[in-house]
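# Chains, contacts and geometry: an overview
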Amino acid sequence: MSARARLAILSAAVAAFFATSAAAQTPAPDEAAFRDLYKQLVEINTTRSVGSCTQAAEAMRARLLAAGIPAADTQILAPPDRPQDGALIAVLHGRDRLAKPILLLAHIDVVEAKREDWERDPFKLVEEKGWFYARGASDDKAMAAVFTDNLIRYRKQGFVPRRDIKLALTCGEETPDVFNSVKWLTATKPEVLNAAFALNEGAGGELDKNEKPVALQIQAGEKVYQDFALDASDVGGHSSRPTKNNPIARLSAGLVRLNAYNFPIALNQATRGYFEAQAKLSSPEVAADMRAVLKSPPDEAAAERLWAINPGWNGSLRTTCVVTEISGGHATNALPQHVRANVNCRILPGVPMTEIQQQIVNVLADDKISVAPTGEPGRQSPLPPLSEQIMEPVRKVADTIWPGVAIVPTMSTGATDGRFLNASGVPTYGLSGMFHDAEGSHAHGLNERIRVKSLMNGRRFLYEVVKLYANSKG
């Protein structure tokens, strides 16, 4: 072969390489449209202080209408006195009017973010070194954008599901003490969110240190949030004349006893499934401890070792109660007349709040300390069942995207809007297909982020799994 011929072949190979690279870096048309939608949603400020969920809801509604979804099948709902807290409700109608719909739920409000604290403007979507950065980039505008994109793509592709697919982009998940769309809608317009089941935030996926997906999570159930006020009082007096009944000392001693107390381990379908799956992914020592807590009775020493490694594991095993605030006394030179502590409990599903209250009283062992629930009572509800109707589509789609990935059930130790839906009779599952490394998404914190690849794979996963759910006969 002549030098000229070799040069021609080399030139052609180089040109083909760069053409392939350019094509790989250029998003497909539907991905480019999704990126534009996601960017628009993220960059609309939806904080409680100065933002507007209604503006974001209107923007997403406009995109649904442009895709051909009838205006009659979309609405923005908010109380008359809260015009900025609008929720977008939309529906893609199915063939079978008797089949209950599925609900795609995501909140579009976000936690506050100060520009001076962030490396980048928190309300400008930045793509950098394989990551998207912005407030809401992960929590929860990633799922909100994907669910909206799902409906747009289904409509444009002419997909008519067996059952209706409802979309609810809601407001107030981050500030429920002020206002929460899901709470308001379940109380005033329950038919809007009524469904066979719902998909929501609350679970993602785990990457190993080499960024290999190892565990895809599906959340089934949440612990119940409940605060208790612990009060102790006395007549007070001059600090030069101390008595044996100092309220601060009494309450402090009681809190030490409460801090040392562990509520009993109690596993349910989700947490048992979690530790069974997680044991297969863990080191031999950790796996042995996980199997030990699955025994009857559970091994408390093993549970203590797991707690030391990951406090979240302890929270999955039992109800937890921890003191979070304390205030008391009225002058530096006076005996205290009153002291109050707030104890925050995360109660396992199915355990009555009154039972936990009584156990706190028993542990304090002091009749001069009162214990009373504060705030809105926590909402108990049945655990959503991890039936084959739910699990099989997850396994089927996951195997095409992440072959061999473990499917891991979880129970949230925190709280999402799912607590309102579960309590209203709509089984709600956390499912996103969006994987994170050990550092996580920085949700609620500085420089919130999501891997670009994780978002795009989550989009692919949710598109396919929702189609399977929407066509299911169960």
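Scroll up a little and you will see the structure.
Here is a short report on the structure shown in this document. (Residues numbered from 1 in each chain as written. Predicted model: local features only at pLDDT ≥ 70, side-chain atom pairs only at ≥ 80, totals over all residues. Heavy atoms only, no water.)

Time to look at the overall build of the chain. Scanning the chain for helices and strands turns up 15 helices and 19 strands. Along the three orthogonal principal directions, the C-alpha set of the chain runs to about 105 × 60 × 50 Å. Counting all 474 residues of the chain, 50% fall into the buried class. Surface exposure of the chain reaches about 21900 Å², of which carbon and sulfur atoms provide 54%. The chain carries 53 positive and 52 negative side-chain charges, and their two centres are separated by 4 Å. (Helix = DSSP H or I, 4+ residues; strand = E, 2+ residues; numbered from the N terminus. Buried < 20%, exposed > 50% of the residue type's maximum accessible area, 1.4 Å probe, protein only. Areas by Shrake-Rupley, 256 points an atom, 1.4 Å probe, with all protein chains shown as cover. Lys, Arg positive; Asp, Glu negative; His and termini not counted. Charge placed at Lys NZ, Arg CZ, Asp CG, Glu CD.)

Moving on, we get to the side chain of Thr74. The topology assignment puts Thr74 in strand S1 (residues 74-77). Of the residues examined, Thr74 reaches a relative accessible area of 7% and is grouped as buried. Setting aside residues no more than four positions away along its own chain, Thr74 makes contact with Arg61, Leu64, Leu65, Ile69, Ile89 and Ala90. (Contact = heavy atoms within 4.5 Å.)

Moving on, we get to the pairing of strand S10 (residues 224-233). Most of S10 sits inside the fold, with eight of its 10 residues counted as buried. Examined bridge by bridge, S10 and strand S14 (residues 338-347) share 10 bridges and lie antiparallel to one another. When the bridges of S14 are listed, Gln226 appears paired with Cys345. With six bridges connecting them, S10 and strand S15 (residues 369-374) associate as antiparallel partners. When the sheet's bridge partners are listed, Leu230 is paired in S15 with Val371. (Pairing = 2+ DSSP bridges.)

Where helix H4 (residues 141-156) meets helix H15 (residues 452-471), the closest approach of the two axes is 10 Å, and the angle between their N-to-C directions is 50 degrees. By the angle between their directions, the pair H4 and H15 is classed as oblique. Judged by the twist between their axes, the crossing of H4 over H15 is right-handed. Contacts between H4 and H15 pair Ala142, Met143, Val146, Phe147, Asp149, Asn150, Arg153 and Tyr154 from the former with Leu455, Arg459, Leu462, Tyr463, Val466 and Lys467 from the latter. Of the residues contributing to the contact of H4 with H15, the split by class is nine nonpolar, one polar and four charged. (Axes fitted to C-alpha atoms, helices over the stretch in contact; angles between N-to-C directions. Parallel < 35°, antiparallel > 145°, perpendicular 65-115°, else oblique. Left-handed = near helix turned anticlockwise from the far one by under 90°. Nonpolar A, V, L, I, M, F, W, Y, C, P; charged D, E, K, R; others polar.)

Once that is clear, we can look at the sheet that holds S15. Hydrogen bonds between backbone atoms are what pair the strands of a sheet, whose relative direction is either parallel or antiparallel. Taken in spatial order, the four strands of this open sheet run S12-S14-S10-S15, and their pairing is antiparallel. Of all the strands in the sheet, just strand S12 (320-328) and S15 have a single pairing partner and so form its edges. Along the sheet, successive strands turn relative to each other by an average axial angle of 25 degrees, direction set aside. Sheet strands touched by helix H7 (residues 247-260): S10, S12, S14 and S15. Its angle to S14, the strand with the most contacts, is close to 15 degrees. Most of the contacts of helix H12 (residues 353-364) go to S15, to which it runs at about 160 degrees, and overall it touches S10, S12, S14 and S15.

What follows covers H4. The terminal C-alpha atoms of H4, which comprises 16 residues, lie 22 Å apart, in line with the 22 Å expected from a rise of 1.5 Å per residue. Among the 16 residues that make up H4, 14 are buried, leaving the element largely enclosed by the rest of the structure. Where H4 ends, the next residue or the one after it, Gly158, has phi of about 75 degrees, a positive value. (Expected span 1.5 Å × (residues − 1).)

Grouped together as the largest cluster of nonpolar side chains are 94 residues, with contacts concentrated most on Tyr38, Ile165, Leu230, Leu455 and Phe461. The greatest single-element share of this core, amounting to 10 residues, is contributed by H15. Aside from chain neighbours lying at most four places away, what touches Leu230 is Leu251, Leu255, Val339, Arg340, Ala341, Val343, Leu364, Ile369, Ser370 and Val371. Counting residues in hydrophobic clusters, the runner-up holds 19 residues, among them Tyr274, Ala292, Ala302 and Leu306. (Core = buried A, V, L, I, M, F, W, Y, C linked by side-chain atoms within 4.5 Å.)

Function-wise, these values are silent; they only describe arrangement.
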